[in-house]
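Spelled out from the first residue to the last, the chains are:
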Amino acid sequence: MDALELLVNRRSASRLAEPAPAGEQLENILRAGMRAPDHGTLQPWHFFIIEGEGRERFSALLEQGAVAAEQDEKAIEKARNAPFRAPMIIAVVAKCQPHHKVPKWEQEMSAGCAVMAMQMAAVAQGYNGIWRSGPLTDSPVVREGLACGADDKIVGFLYLGTPQLKASTTVTVPDTSPFVTRF
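We now turn to the structure provided with this report. (Residues numbered from 1 in each chain as written. Predicted model: local features only at pLDDT ≥ 70, side-chain atom pairs only at ≥ 80, totals over all residues. Heavy atoms only, no water.)

The buried fraction of strand β3 (residues 88-94) is high, at 7 of 7 residues. On β3, burial covers both faces: M88, I90, V92 and A94 on one face and I89, A91 and V93 on the other are all buried. In the sheet, β3 pairs with strand β5 (residues 153-163) via 7 bridges, with the strands oriented antiparallel. Among the inter-strand pairings, A94 is bridged to a residue of β5, identified as K153. (Buried < 20%, exposed > 50% of the residue type's maximum accessible area, 1.4 Å probe, protein only. Helix = DSSP H or I, 4+ residues; strand = E, 2+ residues; numbered from the N terminus. Pairing = 2+ DSSP bridges.)

This is the structure we're talking about:
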């Protein structure tokens, strides 16, 4: 797939099923994430691959986070069911180095760029996904479950699998003018 075509026609897929990327395909996805822009060569990220029985453990962790946040029963159920939306999830944590010349926000952005690179690598290989976040990324329970230090940030959960809905191969060309100022 042509890189420019991939980028200008990017869209997420929320309906995902088996198979998920595996073997060399998964390694390509992880390698793409590790090529994200990285000022200072800090590699400020850690990837948690959640699949198989790991989805059950992740379900319990998200449920515990929702309960601890005193969310209502509907939100708790949504948290409990979230890991089963796709056959694989990659949780991405920005492992930030405090008091470094590269500011914390930039380290977090680098981890965010890793998520996009991984999604694009998945699409290039015939898979797709959707980047999800939400209040549980800040949950002390979920943060502890993903071994976050005080300066770390969960930047999101990349749900991956085989798309179930046939998306259009092109998207409407956006008018960039409202978003661009020539300085």
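This paragraph deals with helix α2 (residues 23-33). Of the positions making up α2, those classed as buried are L26, I29, L30 and G33. Take α2 and look down its axis: the buried residues cluster within an arc of 95°, on one side only. Those residues of α2 that are buried are in contact with β2 (46-51), β3, α5 (104-124) and β5. (Arc of directions from axis to C-beta. Contact = heavy atoms within 4.5 Å.)

The next subject is the packing of helix α3 (residues 53-68) against helix α4 (residues 73-81). Here α3 crosses α4 at 160°, and the two axes come no closer than 7 Å. Taken together, the axes of α3 and α4 are roughly antiparallel relative to one another. At the point where α3 passes α4, the crossing takes the right-handed sense. On α4, the residues that touch S59, L62, E63, A66 and V67 of α3 are A75, I76, A79 and R80. Of the residues assigned to the contact of α3 with α4, the class counts are 6 nonpolar, 1 polar and 2 charged. (Axes fitted to C-alpha atoms, helices over the stretch in contact; angles between N-to-C directions. Parallel < 35°, antiparallel > 145°, perpendicular 65-115°, else oblique. Left-handed = near helix turned anticlockwise from the far one by under 90°. Nonpolar A, V, L, I, M, F, W, Y, C, P; charged D, E, K, R; others polar.)

For N128, the position within the fold is in strand β4 (residues 128-132). We classify N128 as buried; its relative accessible area is 9%. Ignoring anything within four residues of it in the chain, the contact list for N128 reads R11, S12, A13, L16, Q119, V123, Y159, L160, G161 and P163.

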